[in-house]
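A closer look at the structure
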Amino acid sequence: MDRIIETRRLRLRPLRNDDASAIAKLINDYEISKNLARVPFPYTIADADEFLGWVKNSTLKSRFSAICLAATRDQLMGAISYEWNEGKQNAELGYWLVKDFWGKGLMSEAARAMVNHAFTVANIDVLVSCYFDENPASGKVLLNAGFEAVGTCQQMSKAQAKEVPATSMRLTRERWLAFQGK
């Protein structure tokens, strides 16, 4: 599978073991972690090491990437992934970005690149995602990538230690192909 994805402003490279300290430092921000289902707060180097070990053992139909500015090449400023679920025959898109880069369209750019990769390289037919309703910017990222809302649910937030209202999103290969023509 392709190792590096490049866009106009970004470089999405595979996560590495030496990213642990950067991940632990950057994601250890309540404003970020409260919007993620699986991320605790506070977030430690041990959490990052555990996550990177899990990534290393993930299925080949999954992809986990560091988000870096093209100009800095390797300096991690977030992460994005799609994780294959064999039982459901779909992959879940997930992402986070440090606050300094919010509101600049970078996450939408990264999401579109990962969606393209999922459909064209990994040959996935359905992507799903979920965003917390208190984080409409995340919903906008998904809409910009072609996803559509398919329902509401309660989703656990480890950082908030409670279930929060969320919106489930879905993108099929057919919808994505039609979205490309717009």
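Fair warning: this is a prediction, and the values are worked out from it, not measured in the lab. (Residues numbered from 1 in each chain as written. Predicted model: local features only at pLDDT ≥ 70, side-chain atom pairs only at ≥ 80, totals over all residues. Heavy atoms only, no water.)

**A look at the pattern of salt bridges**
Inclusion rule: The salt bridge criterion pairs a side-chain nitrogen of Lys or Arg with a carboxyl oxygen of Asp or Glu, the two atoms within 4 Å. Working definition: helices are DSSP H or I runs of at least four residues, strands are E runs of at least two. Numbering for both runs from the N terminus. Burial classes: relative accessible area under 20% of the type maximum marks a residue as buried, over 50% as exposed, and values in between as partly exposed (1.4 Å probe, protein chains only).
Inspection of the entire model under this criterion finds 13 salt bridges. Between R9 and E109 there is a salt bridge, with the nearest N and O atoms lying 2.7 Å from each other. Within this pair, whereas R9 is found in the loop between β1 (5-6) and β2 (10-14), its partner E109 is found in helix α4 (residues 106-120), the two being separated by 100 residues in sequence. In this structure, D74 engages R16 in a salt bridge whose closest nitrogen and oxygen atoms are separated by 3.7 Å. Placement of the pair is D74 in the loop between β3 (63-69) and β4 (76-85) and R16 in the loop between β2 and α1 (20-27), with a sequence separation of 58 residues. For D74, a relative accessible area of 35% gives the class partly exposed. Overlapping salt bridges bring together E6, R11, R13, R16, D18, D19 and D74 as one network.

**Notes on unusual backbone geometry**
Cis geometry marks the peptide bond from F41 to P42, where omega comes out at 0°. Tracing the sequence through the fold places P42 in the loop between α2 (30-33) and α3 (45-56). In this structure, Q89 is a non-glycine residue whose phi angle is positive, near 55°. With relative accessibility at 42%, the residue Q89 sits in the partly exposed group. Here the phi dihedral of N123 falls at roughly 60°; this positive angle occurs in a residue that is not glycine. By the secondary structure assignment, N123 is in the loop between α4 and β6 (126-132). By relative accessible area, which is 51% here, N123 ends up exposed.

**Here's the deal with the packing of aromatic side chains**
In plain terms, the rule: Note on ring pairs: Phe, Tyr and Trp rings are taken, using the six-membered ring of Trp, and paired if centres are within 6.5 Å. Classes follow the plane angle, with under 30 degrees stacked, over 60 edge-to-face and the rest tilted.
Tallying each qualifying case throughout the model produces five aromatic pairs. Relative to F64, the ring of F51 has its centre 6.3 Å away and its plane inclined at 80°; by these criteria the two rings are edge-to-face. Of this pair, F51 sits in helix α3 while F64 is found in strand β3, placing the two residues 13 residues apart along the sequence. On the accessibility criterion, F51 (25% relative accessible area) is partly exposed. Accessibility expressed as a relative area gives 8% for F64, which makes it buried. Seen from their ring centres, W54 and F64 are 5.4 Å apart, and the 75° between their planes marks the pair as edge-to-face. Here F64 lies in strand β3 and W54 lies in helix α3, a separation of 10 residues in the sequence.

**Brief notes about the state of the cysteines**
Spelled out, the test is: Disulfides are defined as pairs of cysteine sulfur atoms found within 2.5 Å of each other.
Per the stated rule, a full pass over the model turns up zero disulfides. Here C153 stays unpaired: no disulfide links it, and the sulfur of C130, its closest cysteine neighbor, is 3.9 Å away.

**Considering the pairing of β6**
Note the threshold: Note on handedness: a crossover is taken as right-handed if, strands pointing away from the viewer, the path from the first strand over the helix to the second is clockwise. We call two strands paired when DSSP finds no fewer than two bridges between them.
Of all seven residues that make up β6, five are buried, and the element is covered over most of its length. For the segment spanning strand β5 (residues 90-97), α4 and β6, crossover handedness is right-handed. Both β6 and strand β8 (residues 162-172) contribute to a ladder of seven bridges, which runs antiparallel. What sits directly across from Y131, in β8, is T167.

**Things to note about the nonpolar core**
Rules: Here, nonpolar core refers to any group of buried Ala, Val, Leu, Ile, Met, Phe, Trp, Tyr and Cys residues whose side-chain atoms link them within 4.5 Å.
Counting 51 residues, the largest nonpolar core has I80 and L127 as the members making the most contacts within it. At nine residues, α4 tops the list of elements feeding residues into this core.

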